[in-house]
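# Chains, contacts and geometry: an overview
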Amino acid sequence: MQHTRIFAITAALLCAAALFLTGCGGAAARTEPLDYASILQQARPQEENDAYNIYYAGTDGAVNGTAGFTADLTADQIADGAQASLDLLGLTPENCLGWAASVSQMMTQSYAVVIALPAEGRTDAVKQGLQDFIQQQMELQQNYLPDQYAIAKAAQLTTLPTGEVVLVMGPSADSELSALKEALA
């Protein structure tokens, strides 16, 4: 009787440990980036794809652009736009294994959709950069553009079970975040 009880307890503990080590049945953290630009583009409405450039890290480390008016830009202009977006978001290439970002660079508009896969040990730095961006947008809009302040204040910043840090700030943030979560699951 005693042995059966010890066996049952041991089995339960081993099962709990196995679930813990496998992420409690959830997705494992990603170690290689996906095609974040395509995922971002598919998650948002066409009018946003027409209006806002998406900048992203290429497989060779170079930056690329898609959507918006990137077809009209030179490689140098794309690189400059990508760097400006990263600067606004407080992100660095060293902190991210992969990323895609679409950010309004107009001071009168609170808009950003970002997917970033942090490098090992850099999740907090990535989240802090994006949180600082949200705070900056709120402070910028608070006294002058109440509708844009409300959008910035409602921004959603989350870390997914797969490791990506996602920021969605815009008029269709809820639906875009749902689409991104589904695509990245």
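So, here is what we can say about the structure in this document.

Calculation rules
- Residues numbered from 1 in each chain as written.
- Predicted model: local features only at pLDDT ≥ 70, side-chain atom pairs only at ≥ 80, totals over all residues.
- Heavy atoms only, no water.
- Helix = DSSP H or I, 4+ residues; strand = E, 2+ residues; numbered from the N terminus.
- Buried < 20%, exposed > 50% of the residue type's maximum accessible area, 1.4 Å probe, protein only.
- Contact = heavy atoms within 4.5 Å.
- Areas by Shrake-Rupley, 256 points an atom, 1.4 Å probe, with all protein chains shown as cover.
- Pairing = 2+ DSSP bridges.
- Axes fitted to C-alpha atoms, helices over the stretch in contact; angles between N-to-C directions.
- Parallel < 35°, antiparallel > 145°, perpendicular 65-115°, else oblique.
- Left-handed = near helix turned anticlockwise from the far one by under 90°.
- Expected span 1.5 Å × (residues − 1).

Below, the discussion takes up the overall build of the protein chain. Per the secondary structure count, the protein chain includes seven helices and six strands. In sequence order, the protein chain lays out its α and β elements as α-α-α-β-β-α-β-β-α-α-β-β-α. Relative to its full complement of 185 residues, the protein chain shows a buried share of 37%. For the protein chain, the share of sequence-separated contacts (at least 6 apart) that also reach a separation of at least 24 residues comes to 54%. Of the roughly 10500 Å² that the protein chain leaves accessible, carbon and sulfur atoms contribute 56%.

Okay, the pairing of strand S4 (residues 112–118) next. With seven of its seven residues buried, S4 lies for the most part within the structure. Side chains Ala112, Val114, Ala116 and Pro118 project from S4 onto one buried face, and the interleaved Val113, Ile115 and Leu117 project onto a second face that is buried too. Pairing of strand S3 (residues 96–103) with S4 involves seven bridges; the strand directions are antiparallel. Within S4, the residue paired with valine 103 across the bridge is alanine 112. Alignment of S4 against strand S6 (residues 165–169), held across five bridges, turns out to be antiparallel. Looking at the pairing, alanine 116 lines up with valine 165 of S6.

With respect to the helices and strands, glutamate 176 occurs in helix H7 (residues 173–184). Judged by its relative accessible area of 2%, glutamate 176 falls in the buried class. Apart from residues no more than four positions distant in its own chain, glutamate 176 is found in contact with Ala43, Arg44, Pro45, Glu48, Tyr111, Val113 and Val168.

Two pairing modes exist for strands in a sheet, parallel and antiparallel, and in both the strands are linked by backbone hydrogen bonds. Strand order across the open sheet formed by six strands is S2-S1-S3-S4-S6-S5, with antiparallel pairing between neighbours. Every interior strand has two partners, whereas the edge strands, strand S2 (63–66) and strand S5 (156–159), have only one. Shown here is a sheet whose adjacent strand axes are inclined to one another by a mean of 10°, direction ignored. Along the sheet face, helix H2 (residues 36–43) touches strand S1 (54–57), S2, S3 and S4 and points at about 35° away from the line of S3. Where H7 meets the sheet, its contacts fall on S4, S5 and S6, and the angle it forms with S6 comes to roughly 160°.

It is the contact of helix H5 (residues 123–141) with helix H6 (residues 146–153), at a shortest axis distance of 8 Å, that shows an interaxial angle of 160°. Our classification of the angle between H5 and H6 gives roughly antiparallel. Of the two possible hands of crossing, H5 and H6 adopt the one that is left-handed. Between H5 and H6, the residues in contact are Ile134, Gln137, Met138 and Gln141 and Pro146, Gln148, Tyr149, Ala152 and Lys153, respectively.

Turning our eyes to something else, we now look at unusual backbone geometry. Among all residues except glycine, the phi angle is most often negative; among peptide bonds, the trans geometry is most common. Unusually for a residue other than glycine, alanine 67 sits at a positive phi of about 65°. By relative accessible area, which is 14% here, alanine 67 ends up buried.

Right, let's talk about H5 for a bit. For H5, built from 19 residues, the straight-helix expectation of 27 Å at 1.5 Å per residue is met to within 8% by its first-to-last C-alpha distance of 27 Å. Restricting attention to buried positions, one finds in H5 the residues Val126, Gly129, Leu130, Phe133, Ile134, Gln137, Met138 and Gln141. Close packing links the buried residues of H5 with helix H4 (75–89), S3, S4, H6, S5 and S6.

A word on the environment of alanine 173. Here alanine 173 shows up in helix H7. Expressed as a C-alpha distance, the spacing of alanine 173 and tyrosine 111, which sit 62 residues apart in the sequence, is 9.4 Å. Contact partners of alanine 173, with chain neighbours within four places excluded, come to Gln156 and Val168.

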